[in-house]
Amino acid sequence: MRIAASSLTRVRRSTTVLAVAAAGALVLSGCSDSGLSSGVAAVVDGKEITVAQVQEATKEFNTLPVSPTTPTDVLTLLVYGDLAEQAHREAGNPPITDAQLVNDLRGGGLQNPSESVIDLYRSINYLQSAQQLPPTEGLTIEVNPRYGEWDAENGQVVAQTPEWITQVTGAEAQN
């Protein structure tokens, strides 16, 4: 009889744990008001930039002999990808081929660049040739809160510090 009672208790505990986990998942899924799925970093006029693309591009770019960059900065550059390419072409500049970009990245030490870092590097090159950020007015740009918010005035993704994180200064830091 003890074995049956103990098994029943374990089943009840397991059921309770599963119910709590399911409720927690539902609550967390409702935390994002952006409407973006967890695998999407941003959507620019219907075109998705995935979290995987941002992570891969950041990781690979930071292996190059340049100043390290953040995923938020990489996302900003990827947001400008198509806009920068269009501005580059409208200025009468010749297109930059994938072969050129891959050659440059290999010259920097990245032997097998992914499509994500090629897209990032293409955006960087187009933006450098444009010498200014293309306008984003009229575009719908949604950013996953994980990366921050789109700042239309400054034309960039701005990382946000959650309100529950507080800055510790002075004597508080020593305690």
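Preceding this paragraph is the structure being described.
In short, a report on the structure. Everything numeric here is computed off the predicted structure, so don't read it as measured data.

Criteria and thresholds
- Residues numbered from 1 in each chain as written.
- Predicted model: local features only at pLDDT ≥ 70, side-chain atom pairs only at ≥ 80, totals over all residues.
- Heavy atoms only, no water.
- Core = buried A, V, L, I, M, F, W, Y, C linked by side-chain atoms within 4.5 Å.
- Buried < 20%, exposed > 50% of the residue type's maximum accessible area, 1.4 Å probe, protein only.
- Helix = DSSP H or I, 4+ residues; strand = E, 2+ residues; numbered from the N terminus.
- Contact = heavy atoms within 4.5 Å.
- Phe/Tyr/Trp six-rings, centres within 6.5 Å; stacked < 30°, edge-to-face > 60°.
- Axes fitted to C-alpha atoms, helices over the stretch in contact; angles between N-to-C directions.
- Parallel < 35°, antiparallel > 145°, perpendicular 65-115°, else oblique.
- Left-handed = near helix turned anticlockwise from the far one by under 90°.
- Nonpolar A, V, L, I, M, F, W, Y, C, P; charged D, E, K, R; others polar.
- Salt bridge = Lys/Arg side-chain N within 4 Å of Asp/Glu carboxyl O.

## Remarks on the nonpolar core
Now for step 1: Core analysis: the biggest nonpolar cluster contains 33 residues, and Val54, Leu75, Val79, Val143 and Tyr147 have the highest contact counts within it.
Now for step 2: Mapped by element, the contributors of at least two residues to this core are β1 (40–44), α2 (51–61), α3 (71–79), α4 (81–90), α5 (98–107), α6 (115–130) and β3 (141–143).
Now for step 3: The element contributing the most residues to this core is α6, with seven residues.
Now for step 4: Those residues in contact with Tyr147 that lie beyond four places of it in its chain are Ala41, Val51, Val54, Gln55, Pro71, Thr72, Leu75, Val157, Val158 and Ala159.

## Examining the packing of aromatic side chains
Now for step 1: Applying the stated rule across the entire model yields one aromatic pair.
Now for step 2: With a centroid separation of 5.9 Å and 55° between ring planes, the pair formed by Tyr80 and Trp150 is classed as tilted. Placement of Tyr80 in the loop between α3 and α4 and of Trp150 in strand β4 (residues 149–151) is noted, with a sequence separation of 70 residues between them.
Now for step 3: What makes Trp150 buried here is its relative accessible area of 17%.

## Comments concerning the environment of Leu64
Now for step 1: Here Leu64 shows up in the loop between α2 and α3.
Now for step 2: The exposure class assigned to Leu64 is buried, which follows from its relative accessible area of 9%.
Now for step 3: Separated by 46 residues in sequence, Leu64 and Leu110 have C-alpha atoms that sit 6.8 Å apart.
Now for step 4: Non-local contacts of Leu64, meaning those with residues more than four positions away in its chain, are made with Leu105, Gly108, Gly109 and Leu110.

## What to know about the packing of α4 against α6
Now for step 1: Their axes nearest at 8 Å, the elements α4 and α6 cross at an angle of 45°. Judged on the interaxial angle alone, α6 and α4 are oblique. Handedness of the crossing formed by α4 with α6: left-handed. The segment α4 lies against α6, with Gly81, Ala84, Glu85 and His88 engaging Arg122, Ser123, Tyr126, Leu127 and Ser129.
Now for step 2: The class makeup of the residues in the contact of α4 with α6 is three nonpolar, four polar and two charged.

## Examining unusual backbone geometry
Note: most residues except glycine have negative phi, and most peptide bonds are trans.
Now for step 1: Located in the positive-phi region is Asp45, a residue other than glycine, with phi close to 45°.
Now for step 2: For Asp45, the position within the fold is in the loop between β1 and β2 (47–50).
Now for step 3: Taking the relative accessible area as the measure of exposure, Asp45 reaches 47% and is therefore partly exposed.

## Examining the packing of α2 against α6
Now for step 1: Taken N-terminus to C-terminus, the directions of α2 and α6 make an angle of 75°; their axes are 8 Å apart at the nearest point. In this view, α2 runs roughly perpendicular relative to α6, as classed from their interaxial angle. Every residue of α6 that contacts α2 at Gln53, Glu56, Ala57, Glu60 and Phe61 is listed here: Ser116, Val117, Leu120, Tyr121 and Ile124.
Now for step 2: In terms of residue class, the contact of α2 with α6 is made up of six nonpolar, two polar and two charged.

## Some thoughts on the pattern of salt bridges
Now for step 1: What the rule picks out here adds up to four salt bridges.
Now for step 2: Salt-bridge contacts for Glu85 lead to Arg89; the nearest nitrogen and oxygen are separated by 3.5 Å. Of the two residues, Glu85 and Arg89 are both situated in helix α4; the distance of four residues between them amounts to about one turn of the helix.
Now for step 3: The salt bridge involving Arg122 is made with Asp119; its shortest N-O contact spans 2.8 Å. With Arg122 and Asp119 both in helix α6 and three residues apart, this pair spans about one turn of that helix.
Now for step 4: Taking the relative accessible area as the measure of exposure, Arg122 reaches 15% and is therefore buried.
Now for step 5: Under the relative-accessibility criterion, Asp119 is labelled partly exposed at 28%.

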